[in-house]
Amino acid sequence: VIYEQEGVFIHSSCGKNDDQDSLISGILRVIEKDNEVIVDWRSLDDTLDTSNILCAGKDSSSVVEWTQTPKEKCSRGTDRPSSYEAEWDMVTTVSFKKKPNTNGDAPTHANGESKWSFLFSLTDLKSIKQNKEDMGWSYLVFCLKDDVKLPALHFHHGDSKILIKCLEKHVVLTESAQDKRILLVNTQNKSLSQSFENLFDEPSYGLLQKLKKDPYTVTMGRFSKVTNYIFDSFRLSDPVNQRRPPSEMADFLNDAIPGLKINQQEEPGFEVITRIDLGKQPKVSRREPVSAEEWAKNMDSEGRILDADYIKRLIFKGGLCHTLRKEAWKFLLGYFPWNSTKEERANLQKQKTDEYFRMKLQWKSVSEEQEKRNSRLRDYRSLIEKDVNRTDRTNKFYEGEDNPGLILLHDILMTYCMYDFDLGYVQGMSDLLSPVLYVMENEVDAFWCFVSYMDQMHQNFEEQMQGMKTQLIQLSTLLRLLDSGFCSYLESQDSGYLYFCFRWLLIRFKREFSFQDILRLWEVMWTDLPCQNFHLLLCCAILESEKQQIMDKHYGFNEILKHINELSMKIDVEHILCKAEAISMQMMNCKELPQAVSEILGIESSSITPDSDTGEDESGAVLSCPTSLYQSLSTPVIAANGTSNSSQQMSETQTLAPA
């Protein structure tokens, strides 16, 4: 508790009468908890524990007592393969809910008390309105970013200025130009939006201590928000020294985070690459999304996919119409075998339903006393509840605090901890699950699709971070081949290891694109076309698009980080897909492709030069995946700018096929 003030009242019927019952006395606290700053007002009658922001109501003595509410009925979805899944409804005994008032509303507690109590995070605060001078006791009105105005807090036994000074230690408050009574919360100098949590919002000593004590948790949870404020703290806010000395921060990230430290002499995959002429990038167009008619035409009477490779090529070039995603994603993620019949898939779903609910029952039946003795399960639950609370609410599927989608998100993640208890839950996994659950609209199918996705992504979340380290090395190798001059510039600005791409790789661009765009991007990547590690070429495409601005404006270390972070929600997904595909074709057609690059992209060749500067003769490289990706497809295409040209056929790229 960093601030506490008694005698802070809410006037529940202010202006109507002077009855004492209209004044609700309470205690106002500012609390630091789990790297967050919480403002908490509680009625004096409130006996609830304020140490937990989130809570889950549970009857630990039974796993069969469950009263189904209308919202919970909706959460089951309408697309069950049969009524079989309903037999497992007894397992769902825990309704995951935020503690009342977390979002600033004032619903009544179950016991009828503390109707007006509320708490919120400073990251959600938009503005503070103060009282006019000489108007009796002071009051404050908090307005949150979702435009929720909380009840006015009247300071009967003290001045509100002490609270303002306390808050100014954590956020920047500036007077509104329109109304000097309104203090606007400016977080620009403290953090960047669209990221996991605040990073480096403390003095350098405390940050380094946290990183060295638990680099994995700190990095995973708080890597993505970096601004000039960080470096001010390292410079001890010296106004004279406005430029960071090169030696001061050159290797800060990889030194402070041992799990990410990259040693070019020890790590496999590094290769000396001299300048190679890749030739001009070919022009690439995209087609319309795969329609339900196209999908049905490629399925036999028993429900088998006739030509999986052909379907994958269509999806790669245009994605899927939304009505197909629920079915097609199960194939793309490996939940359904491509050669399975409809009957075989129904039997598989029944089997997987049993398996899922048995695992769900394991954690549902754990009593509170048992959980207290199991620190890992307790920690997993705490992390999940915190992350579910942060779920992107811009999609209607996750709107509201007691939304069935949020409840299912929580339950699926808890069940995954039972499925893979060693890995458990790591921050960021909820970002991978939320689009899958949105598309599936079914708890069981979403879980098994998520399991398949995590099979691809699990190395990103392992404690040694080997998966992240390998991808950063591979990305650096590809970018150096594509543009060695840009790589040299980044190295001169202490950015050669591309740590600013960390979030892109960790959760596959989930926070860089809009919700609908990420559905398109992921289904294209899941085709595994046109080569291995296509997501790294997407990174190259984005960086190449931003190269000119970064170099022309002479961005330094912190400016590069800030610029990359601010690209979130501003990237054109179709343009980047076209550009990444063009880069892949550019590299596949190169007859002098370095061995390291060939291995990253999964390209086979009969004679690849061990080192690009040996001068030995080389033959062309051949892509290991089907070269028929670029065969003519008799469907109209869409250019990167979104314009349709029905006369333009896929055959225009046929001449660009790898040798």
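These figures come from a predicted structure and were not determined experimentally. (Residues numbered from 1 in each chain as written. Predicted model: local features only at pLDDT ≥ 70, side-chain atom pairs only at ≥ 80, totals over all residues. Heavy atoms only, no water.)

**Examining the overall build of the protein chain**
Then, in step 1: Looking only at helices and strands, the protein chain features 24 helices and 16 strands.
Then, in step 2: Out of the 659 residues belonging to the protein chain, those deemed buried represent 54%.
Then, in step 3: For the protein chain, the accessible area works out to roughly 29,700 Å², and carbon and sulfur atoms hold 47% of it. (Helix = DSSP H or I, 4+ residues; strand = E, 2+ residues; numbered from the N terminus. Buried < 20%, exposed > 50% of the residue type's maximum accessible area, 1.4 Å probe, protein only. Areas by Shrake-Rupley, 256 points an atom, 1.4 Å probe, with all protein chains shown as cover.)

**Here we look at the confidence of the model for the protein chain**
Then, in step 1: Taken as a whole, the protein chain shows an average pLDDT of 74; of its residues, 64% reach a score of 70 or greater.
Then, in step 2: A low-confidence stretch, residues 47-83 stays under pLDDT 50, and its non-local contacts, those more than four residues away or across chains, total 75 contacts.
Then, in step 3: Counting interchain partners and residues more than four positions distant, the pLDDT-below-50 stretch residues 606-628 has 53 contacts. (pLDDT = per-residue confidence, 0-100. Contact = heavy atoms within 4.5 Å.)

**Some points on unusual backbone geometry**
Then, in step 1: The omega torsion across Leu529 and Pro530 is 0°, close enough to zero to call that bond cis.
Then, in step 2: Note that Pro530 resides in the loop between helix H20 (515-525) and helix H21 (534-552).
Then, in step 3: Its identity as a non-glycine residue notwithstanding, Asp494 has a phi of 60°, on the positive side.
Then, in step 4: Topologically, Asp494 is positioned in the loop between helix H18 (484-492) and helix H19 (502-506).
Then, in step 5: We classify Asp494 as partly exposed; its relative accessible area is 22%.
Then, in step 6: Despite not being glycine, Arg508 shows a phi value in the positive range, around 50°.
Then, in step 7: By the secondary structure assignment, Arg508 is in the loop between H19 and H20.
Then, in step 8: Taking relative accessible area as the criterion, Arg508 reaches 11% and is therefore assigned buried.

**Focus on the packing of helix H15 (residues 429-440) against H20**
Then, in step 1: It is at 11 Å that the axes of H15 and H20 come closest, and there the two elements cross at 90°. On the basis of the axis angle, H15 is roughly perpendicular to H20. Touching Asp431, Leu432, Ser434, Pro435, Tyr438 and Val439 of H15 are Phe515, Gln516, Ile518, Leu519 and Trp522, all from H20. (Axes fitted to C-alpha atoms, helices over the stretch in contact; angles between N-to-C directions. Parallel < 35°, antiparallel > 145°, perpendicular 65-115°, else oblique.)

**Things to note about the side chain of Ser452**
Then, in step 1: Examined against the element boundaries, Ser452 turns out to sit in helix H16 (residues 443-457).
Then, in step 2: Excluding residues within four positions of it along the chain, Ser452 makes contact with Leu333, Gly334 and Tyr335.

**Some points on the pattern of salt bridges**
Then, in step 1: Scanning the entire structure with this criterion turns up 26 salt bridges.
Then, in step 2: Among the salt bridges present, the one from Arg29 reaches Glu4, with a minimum N-O distance of 2.6 Å. Here Arg29, found in strand E2 (residues 23-33), pairs with Glu4, found in strand E1 (residues 3-11); they are 25 residues apart in sequence, far enough to count as distant.
Then, in step 3: Two residues, Lys326 and Glu441, come together in a salt bridge whose shortest N-O distance is 2.8 Å. (Salt bridge = Lys/Arg side-chain N within 4 Å of Asp/Glu carboxyl O.)

**Brief notes about the nonpolar core**
Then, in step 1: Residues Met429, Phe461, Phe509 and Met587 are the most contacted members of the largest nonpolar core, which totals 125 residues.
Then, in step 2: What Phe509 contacts, discounting residues up to four positions off in sequence, is Arg503, Trp504, Ile518, Leu521, Met525, His535, Leu538, Cys539 and Ile542. (Core = buried A, V, L, I, M, F, W, Y, C linked by side-chain atoms within 4.5 Å.)

**Remarks on helix H22 (residues 557-565)**
Then, in step 1: Within H22, eight of the nine residues are buried, which leaves it mostly tucked inside the rest of the structure.
Then, in step 2: Phe557, Asn558, Ile560, Leu561, Lys562, His563, Ile564 and Asn565 are the residues of H22 that are buried.

**Observations regarding H16**
Then, in step 1: With 15 residues, H16 extends 20 Å from end C-alpha to end C-alpha; this agrees with the ideal 21 Å at 1.5 Å per step.
Then, in step 2: For H16, the buried fraction is high: 13 of the 15 residues fall into the buried class.
Then, in step 3: Near the N-terminus of H16, the side chain that reaches the backbone nitrogen of Val444, with its oxygen 3.0 Å away, is that of Asn442. (Expected span 1.5 Å × (residues − 1). Polar contact = N/O pair within 3.5 Å; in protein donor to acceptor, adjacent residues only side chain to side chain.)

**Focus on the packing of aromatic side chains**
Then, in step 1: For the coordinates displayed, the defined rule picks out 24 aromatic pairs.
Then, in step 2: Taking the centre distance of 5.3 Å and the plane angle of 55° together, the rings of Phe120 and Phe142 count as tilted. Residue Phe120 is found in strand E6 (residues 118-121), and its partner Phe142 is found in strand E8 (residues 138-144); the two are separated by 22 residues along the sequence. Both residues of the pair, Phe120 and Phe142, count as buried.
Then, in step 3: An angle of 80° between the planes, with centres 4.9 Å apart, marks the rings of Phe447 and Trp448 as edge-to-face. Of the two residues examined, Phe447 and Trp448, each falls in the buried class.
Then, in step 4: It is Lys352 that lies over the ring of Trp448; its NZ or CZ is 4.1 Å from the centre. (Phe/Tyr/Trp six-rings, centres within 6.5 Å; stacked < 30°, edge-to-face > 60°. Lys NZ or Arg CZ within 6 Å of the ring centre and 35° of its normal.)

**So, the sheet that holds strand E3 (residues 36-43)**
Then, in step 1: Strands sit in the order E6-E3-E2-E1-E9-E8-E7-E11-E10 across an open sheet of nine strands; the sheet is antiparallel. Both outer strands of the open sheet, E6 and strand E10 (172-175), are each paired with one neighbouring strand and no more. With strand direction ignored, the average angle separating the axes of adjacent strands in the sheet is 30°.
Then, in step 2: Judged from the three bridges that link them, E8 and strand E9 (residues 153-155) form a sheet pairing that is antiparallel. Of the residues in E9, the one forming a bridge with Tyr139 is His154. (Pairing = 2+ DSSP bridges.)

**Regarding the environment of Thr123**
Then, in step 1: Tracing the backbone through its elements, the reader meets Thr123 in the loop between E6 and strand E7 (125-130).
Then, in step 2: In this structure Thr123 comes out as partly exposed when scored by relative accessible area, which is 27%.
Then, in step 3: It is 8.0 Å that separates the C-alpha atoms of Thr123 and Val37, two residues lying 86 residues apart in sequence.
Then, in step 4: Here the side chain of Thr123 touches Ser121 through a polar contact of 2.8 Å, side chain to side chain.

**Observations regarding the pairing of E2**
Then, in step 1: The pairing of E1 with E2 spans seven bridges and is classified as antiparallel. From the neighbouring strand, Phe9 faces E2, where its bridge partner is Ser25.
Then, in step 2: Following E2, the chain reverses through two residues before pairing antiparallel with E3; Asp34 in that reversal takes a positive phi of roughly 50°.

**Structural notes on the packing of helix H11 (residues 342-364) against helix H14 (residues 404-419)**
Then, in step 1: Relative orientation of the contacting elements H11 and H14 amounts to 95°, with a least axis distance of 9 Å. If you check the angle between H11 and H14, you find them roughly perpendicular. Between H11, through Tyr356, Met359, Lys360, Gln362, Trp363 and Lys364, and H14, the contact on the second element is made entirely by His410, Asp411, Ile412, Met414, Thr415, Met418 and Tyr419.
Then, in step 2: The residue makeup of the contact of H11 with H14, split by class, is seven nonpolar, three polar and three charged. (Nonpolar A, V, L, I, M, F, W, Y, C, P; charged D, E, K, R; others polar.)

**Let's talk about the pairing of E3**
Then, in step 1: Of all eight residues that make up E3, eight are buried, and the element is covered over most of its length.
Then, in step 2: In E3, alternate side chains face the same way, and those of Glu36, Ile38, Asp40 and Arg42 on one face and Val37, Val39, Trp41 and Ser43 on the other are all buried.
Then, in step 3: Sheet topology places E2 next to E3; eight bridges connect them, and they run antiparallel. In the sheet register, Lys33 faces E3, and the bridge partner there is Glu36.

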